[in-house]
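The primary structure of each chain is shown beneath.
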2 protein chains.
Amino acid sequence: MSNNMFNEFLSSESVKLTVKQQRIVQAAIRLFAEKGYSNTSTAEIAKLAEVSEASIFKQYGTKDKLLLALIIPQFKEFFPSMADEVLGQLCRSQSTFEGFLREFLKNRIELALKNKEIFQIIIKELIYKEELKKELIPYIFEVAASRLTQVIELFKERGELTDIPTGKMLKSLFTFVGGFFASQLVLLNKESIDEQEIEDAVRFMLHGIGSSSSNN
Amino acid sequence: MSNNMFNEFLSSESVKLTVKQQRIVQAAIRLFAEKGYSNTSTAEIAKLAEVSEASIFKQYGTKDKLLLALIIPQFKEFFPSMADEVLGQLCRSQSTFEGFLREFLKNRIELALKNKEIFQIIIKELIYKEELKKELIPYIFEVAASRLTQVIELFKERGELTDIPTGKMLKSLFTFVGGFFASQLVLLNKESIDEQEIEDAVRFMLHGIGSSSSNN
DNA sequence: TTATTGAGTAAGTAATTACTTACTTTTTAT
DNA sequence: ATAAAAAGTAAGTAATTACTTACTCAATAA
């Protein structure tokens, strides 16, 4: 996997796929999510898609590039659009950070559940493959952190958030939200996440488990 | 991997290993942690350990059993002893839940860093292999949750914790602590975790990021 | 019409996979 | 000292791996 693979895919246009190419994509997503990239052979993908193995390599060249072709589009959608939709609307309005956080989580969970298999692949391979880690983690921080920083600082000024440094807040939130997605989607393999679960998560992120009187 | 594999290993006594067997164990740990179980061949392990491949299979029978033989002992140490050491001392003493949480985290982090490679393997394979998930996750909850429940309820009575249900607290704590270990040990591959990082984590778990005045 | 291009594939390829067999060497027990 | 058991290995095995080659067929462009 070359160093500029990620950028190459990031800038690629979406092309119309033939029926057989769509079957390849769907088979690969299914199998990668279920058994993991390393435990899925191209022969298996071809069999499930009912195409010849060579068709896969005609299109994608290598198994690695097939993986990236599945992951990158989701990635492009999940993180950059993360802010822009929810963020703009809620930020300048009358709403609270708590409201923002709730809508933000709901919104991202909905998107992740809609493409659950791809998110399972992303989380699994992000942990498993060193090269992916090195390309995607800086990207996530750059894209996500820069926008969330603005939101956090806005609500800090409104006095709704503590005055601990924004960077530390982001780190804690990433840790919890990352843990939330990993445990719900991958470990527990949930089909849906109900309102109460989201409510509990929001409450924890805002207030923790300590009683309010014990704040120091 | 059979269903009672886990119990079989759990009840096994620790046996003295020969020099070559130790080399096998160390080579396997190194490679599994670095490249993942699926991307490591038994031939590679044998080469790094400077033994014949057959020696591995003489001892462990299958590659799967080798993996379990590495993982299970750590597992036995990490989760059950989790409570007993830190828990008993701190619980009945004068200390606060905050103090308990801090010492608890420090203690577990120290143990995890000391066996960093094995914890990387555990986290990676827990996410990757369905069979492991099904055996280990219930075990974790049973062992860890039962003891932590006691601690939480003790400090609840002392008024140091909110009155949200203990189960929900545990879930949130697991999510955050799990995310913390996964991101620090696997994603960021840290060699050490400094006091301030722990302090920030404790603060987040207790108070979140909301200002204390905005508690509802 | 015919030349070109892109989609698709059957049948390979060499390398690698987890694991075995049949054997030798070393350690331990008596 | 010697028999038995355990530790270790060289040289396999069949199956699977990612990937290639040389081809056919259908659609489009000239």
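Just so it is clear, the structure is predicted and the values come from calculations on it, not from any experiment. (Residues numbered from 1 in each chain as written. Chains lettered and ligands numbered in written order. Predicted model: local features only at pLDDT ≥ 70, side-chain atom pairs only at ≥ 80, totals over all residues. Heavy atoms only, no water.)

Student: Give me the overall build of chain A: which residues, what numbers.
Tutor: Tallying secondary structure elements over chain A gives eleven helices and zero strands in all. Secondary structure elements in chain A, listed N-terminal to C-terminal, are α-α-α-α-α-α-α-α-α-α-α. Counting over 216 residues, chain A shows a buried share of 52%. If you take every contact in chain A between residues at least 6 apart in sequence, the share linking residues at least 24 apart comes to 70%. (Helix = DSSP H or I, 4+ residues; strand = E, 2+ residues; numbered from the N terminus. Buried < 20%, exposed > 50% of the residue type's maximum accessible area, 1.4 Å probe, protein only. Contact = heavy atoms within 4.5 Å.)

Student: Can you break down the relation of the copies chain B and chain A residue by residue, with the values?
Tutor: Rotating chain B by 180° and translating it 0.0 Å along the rotation axis places it on chain A, where the RMSD comes to 0.0 Å. Viewed as a symmetry operation, the transformation between the two copies matches a two-fold axis. Looking at the interface residues of chain B, 100% of them are also at the interface in chain A, so both copies use one shared face. (Least-squares fit on C-alpha atoms with pLDDT ≥ 70 in both.)

Student: Before we move on, could you go through the pattern of salt bridges and cite the residues and values that matter?
Tutor: Residue and element names in this part refer to chain A. Counting across every chain of the model gives 22 salt bridges over all chains. Residue Glu130 is joined to Lys133 by a salt bridge in which the shortest nitrogen-to-oxygen separation is 3.2 Å. You can see Glu130 and its partner Lys133 sitting in helix 9 (residues 130–157), three residues apart, about one turn around the helix. The partner of Lys190 in a salt bridge is Glu197, with the nearest N and O atoms 2.9 Å apart. (Salt bridge = Lys/Arg side-chain N within 4 Å of Asp/Glu carboxyl O.)

Student: Explain the side chain of Gln74(B) to me, using residue names and the numbers behind them.
Tutor: Along the polypeptide, Gln74(B) turns up in helix 5 (residues 63–78). Beyond its immediate stretch of four places on either side in the chain, Gln74(B) contacts Asn115(B), Ile118(B), Phe119(B) and Ile122(B).

Student: Which residues make up the interface of chain B and chain A, and what values do they have?
Tutor: Taken together, the contacts link 48 residues of chain B with 48 residues of chain A. Taken together, both faces of the contact between chain B and chain A bury some 4,600 Å²; the carbon and sulfur share is 56%. Of all residues in chain B, Ile127(B), Tyr128(B) and Ile209(B) give up the largest surface area on contact with chain A, accounting jointly for 19% of the area buried on that side. Summed over the shared surface of chain B and chain A, the result is four salt bridges. Glu197(A) is paired through a salt bridge with Lys171(B); the nearest N and O atoms lie 2.9 Å apart. For the interface between chain B and chain A, the tally reads 30 residue pairs in polar contact (both at pLDDT 80 or more). Secondary structure elements with two or more residues in the side of chain B that touches chain A: helix 7 (97–114), helix 8 (116–128), helix 9 (130–157), helix 10 (166–187) and helix 11 (195–207) of chain B. With twelve residues, the top contributor of residues to the side of chain B that touches chain A is helix 10 of chain B. (Buried area = accessible area lost by both parts, 1.4 Å probe. Polar contact = N/O pair within 3.5 Å; in protein donor to acceptor, adjacent residues only side chain to side chain.)

Student: Requested: an account of the packing of helix 5 (residues 63–78) of chain A against helix 8 (residues 116–128) of chain A, with residues and values cited.
Tutor: Residue and element names in this part refer to chain A. Relative orientation of the contacting elements helix 5 and helix 8 amounts to 105°, with a least axis distance of 10 Å. Taken as axis vectors, helix 5 and helix 8 run roughly perpendicular relative to one another. Side by side, helix 5 and helix 8 meet where Leu67, Leu70, Ile71, Gln74, Phe75 and Phe78 of the first sit next to Ile118, Phe119, Ile121, Ile122 and Glu125 of the second. For the contact of helix 5 with helix 8, the residue count by class is nine nonpolar, one polar and one charged. (Axes fitted to C-alpha atoms, helices over the stretch in contact; angles between N-to-C directions. Parallel < 35°, antiparallel > 145°, perpendicular 65-115°, else oblique. Nonpolar A, V, L, I, M, F, W, Y, C, P; charged D, E, K, R; others polar.)

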